[in-house]
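What the coordinates show
Next come the chains, spelled out residue by residue.
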Amino acid sequence: MAINKTTKGAASPSWNEKAAHVTPEAVFNDRRNIIKALGLGAIGASIPGQVQAGIFDLFGKTRSSTPFVTRPLSFSPNTAFGQGEVLTPEQKVISHNNFYEFGTSKTDPIDNAQGFKVDPWVLKIEGLVDTPLTLDLDDLTRLLPLEERIYRLRCVEAWSMVIPWVGFSLGALLKKAGVKAGATHVAFETLFDPDQMPGQRSRLMGGGIHYPYVEGLRLDEAMNELTFMAVGLYGKTLPAQNGAPIRLVVPWKYGFKSIKSVVRIRVMDKQPPTSWNQLASHEYGFFANVNPAVDHPRWSQATERRIGEGGLFSATRIATLPFNGYGEQVAHLYKNMDLKQYY
Amino acid sequence: MLRLKASHVMAIKSLFHLLALLPIGYLVWTVLAGRAGGDPVQYIIHFTGMGALNALVAVLLVSPVAKRFKLGVLIQTRRLLGLYVFAYATLHICAFISLDLLFEWSLLASEVVKRPYILVGASGYVLLLLLAITSVNRVKRKMGRRWQTLHNGVYLIAILAPIHFYWSVKSEVIEPSIYLILFGALLFVRLNWRQLKKRFQVRAS
């Protein structure tokens, strides 16, 4: 009992003390740091000091010496979604991520997020609710029964995956808190912790986003049965780079709507600001519904590269479907809207 | 003053070959070792594009360095470097067409026309292709004075390439900005101030 208590209450979880992992991982990381440092060295020589400091932040003490630990979850499969889809292999799902808090390249998150601490975690559900909730890490997997849903994920960059998520519907969570009359929107916020998230420390690494990353949905979108809070994928708790310990998954919208590592869900009576929209409103709208008929100003959204099994040439280019193929469930939400205007 | 002999030029050329080829080896190793992530396509396209940009920086550094340090023979390494710009740009485009577009030629056509950053990059590449084709000695002799006029096109490429880079990124503009400034500086140092001044005075009087 006493041991249990120590483990739970300690600032650094028990896995950090497993000596067996420490040396090989550290050596591995150092090698990568050196290689990266060499690659950028030539650029570094030609730029002013302040920017340079930013670059060298990249090779600083962000890398943890122990890998992020996930654990198996118990859940029931929800067969209503994703039957017959070919899954994107787990290794690809966890090593090709957009999570600018850990760097802008696709491999930065897996490289830089291994030391991410999710215990303790606090998720607050607040705003126009009857009972504001404050959930800790254990609550996230215990509060509601977990189910597995296979969803297509369509990135605004025109690539896509098929991922088995584990979690619960956002609607179920919001019902627990009780949404008050007059509420129209739901706002989400990612953890702001520059000590842990190098992209929040250095503009060079974080891609110029104003952190914390924020997202939002209309209340009817939030309550739709498809809208999902994932706490795991491939049967285990979420890896850090995929948005541990809890993230949103909105399968009919571009991936950037599916905010990661959420610490705050706020029910509101007006449309909240959203990060990519703030950064480039002519390219990224509030709705961001997957729509092959509305191109990104700089690339086509008519087709997508489906990342599946196999090697480099194994991807296939397939037609992008309106609402990412979930029109049956969500098209009615936008009945009288011009989706070219509300992109 | 440092004097370079023919044997030195050979050594420098070999060094440049090595420096230009090593990144390709590194890229192949990274991708095969699975260190470029679950879907290395974007990584490969970006890596080869950066290779072309860096080689172009090297090309444009040759003549200022040769002038400043009175190392005229260095000019002999310029074609080699220029052809590496072309080689990396070719890999960049091949990766885009094969790995990203998966040989959807109709999509390529519409993308080139509709997307300004691709149009800018493609224009630069066509010019680069012309320079590569006319880099052979025999063609150079045949072209006479027109050869230099055509090959001044490298300055246009030095403008198009960093714009293409800047325009293509989602939000991480710092690195492309650095390249824009760098190429701007490389073009700036080439301005012949005395001549410009003279022309200005002629017009003024």
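Residues numbered from 1 in each chain as written. Chains lettered and ligands numbered in written order. Predicted model: local features only at pLDDT ≥ 70, side-chain atom pairs only at ≥ 80, totals over all residues.

Details of the overall build of chain A
Applicable threshold: Numbering of helices and strands starts at the N terminus; helices are DSSP runs of H or I of at least 4 residues and strands are runs of E of at least 2. Counts of 20 or more other C-beta atoms within 10 Å of a residue's own C-beta define buried residues, counts of 12 or fewer define exposed ones, and intermediate counts define partly exposed ones; C-beta atoms are placed from the backbone. Our contact criterion uses C-beta atoms placed from the backbone: two residues qualify when those atoms are within 7 Å.
When helices and strands are counted, chain A shows twelve helices and 13 strands. Expressed as a percentage of the 343 residues in chain A, the buried residues total 40%. A sequence separation of at least 24 residues applies to 72% of the contacts in chain A between residues at least 6 apart.

A word on the environment of Lys 175 of chain A
Residue and element names in this part refer to chain A. Assignment of secondary structure puts Lys 175 in helix 7 (residues 170-177). We classify Lys 175 as partly exposed; it has 13 C-beta atoms within 10 Å. In the structure, Lys 175 is positioned 46 residues away from Val 129 in sequence and 9.1 Å away in space, judged by C-alpha atoms.

Section: the packing of helix 2 (residues 41-68) of chain B against helix 8 (residues 153-168) of chain B
All names here are of chain B. We count it as follows: Geometry is summarised by axes, namely lines fitted to C-alpha atoms with helices restricted to the contacting stretch, and by angles between N-to-C directions that run from 0 to 180 degrees. When the near helix sits turned anticlockwise from the far one by under a right angle, the crossing is termed left-handed; a clockwise turn instead gives a right-handed crossing. By the convention adopted, Pro, Cys, Tyr, Trp, Phe, Met, Ile, Leu, Val and Ala count as nonpolar, Lys, Arg, Asp and Glu as charged, and the other residues, Gly among them, as polar.
Two elements in contact, helix 2 and helix 8, have axes separated by 11 Å at closest approach and are oriented at 145°. For the crossing formed where helix 2 meets helix 8, the hand is left-handed. Two secondary-structure elements touch here, helix 2 through Gly 49, Leu 53, Leu 56, Val 59 and Leu 60 and helix 8 through Val 154, Ile 157, Ala 158, Ala 161 and Phe 165. For the contact of helix 2 with helix 8, the per-class residue count stands at nine nonpolar, one polar and no charged.

Quick notes on the nonpolar core
The cut-off we apply is this: Core membership is restricted to buried Ala, Val, Leu, Ile, Met, Phe, Trp, Tyr and Cys residues, and these are joined into a nonpolar core through C-beta atoms within 7 Å.
Core analysis: the biggest nonpolar cluster contains 70 residues, and Trp 165, Phe 188, Met 229, Ala 230, Val 231, Leu 233 and Leu 248 of chain A have the highest contact counts within it. Residue contributions to this core peak at six residues, all from strand 5 (residues 159-169) of chain A. Dropping the residues within four chain positions of it, Leu 233 of chain A is found in contact with Val 93, Ile 163, Pro 164, Trp 165, Val 166, Leu 238 and Asn 242 of chain A. Of all hydrophobic cores here, the second largest spans 27 residues; its members include Ala 58, Leu 81, Tyr 125 and Phe 183 of chain B.

Remarks on the interface of chain A and chain B
Taken together, the contact pairs 30 residues of chain A with 22 residues of chain B. Here the side of chain A that touches chain B gets three residues from one element, more than from any other, and that element is helix 4 (residues 90-93) of chain A. For the side of chain A that touches chain B, the residue count by class is 13 nonpolar, eleven polar and six charged.

Considering the UniProt feature "domain: Ferric oxidoreductase" (unreviewed entry) in chain B
Condition: UniProt positions are given in the numbering used here, feature names are shortened, and annotations may be inferred rather than shown by experiment.
Annotation from UniProt places "domain: Ferric oxidoreductase" (unreviewed entry) at residues 52-161 of chain B. Between the C-alpha atoms that bound residues 52-161 of chain B the distance is 9 Å, and the span itself is 83% helix and 0% strand.

Brief notes about the UniProt feature "binding site: Mo-molybdopterin" (unreviewed entry) in chain A
Residues and elements named next belong to chain A. Per the UniProt record, "binding site: Mo-molybdopterin" (unreviewed entry) is annotated on Asn 97, Tyr 100, Glu 101, Cys 155, Thr 190, Asn 242, Arg 247, Ser 258, Ile 259 and Lys 260. Checked against the element boundaries, Tyr 100 lands in the loop between helix 4 and helix 5 (108-112). In contact with Tyr 100, other than residues within four places in its own chain, are Gly 199, Gly 206, Gly 207 and Ile 209. On the secondary structure map, Lys 260 appears in the loop between strand 10 (247-249) and strand 11 (262-268). Ignoring sequence-local partners within four residues, the contact set of Lys 260 consists of Phe 99, Thr 190, Gly 243 and Arg 247.

Topic: the UniProt feature "transmembrane region" (unreviewed entry) in chain B
UniProt records the feature "transmembrane region" (unreviewed entry) for residues 43-62, 83-105, 117-137, 149-167 and 173-193 of chain B in the present numbering. With 86% helix and 0% strand, residues 117-137 of chain B has its two end C-alpha atoms placed 33 Å apart.

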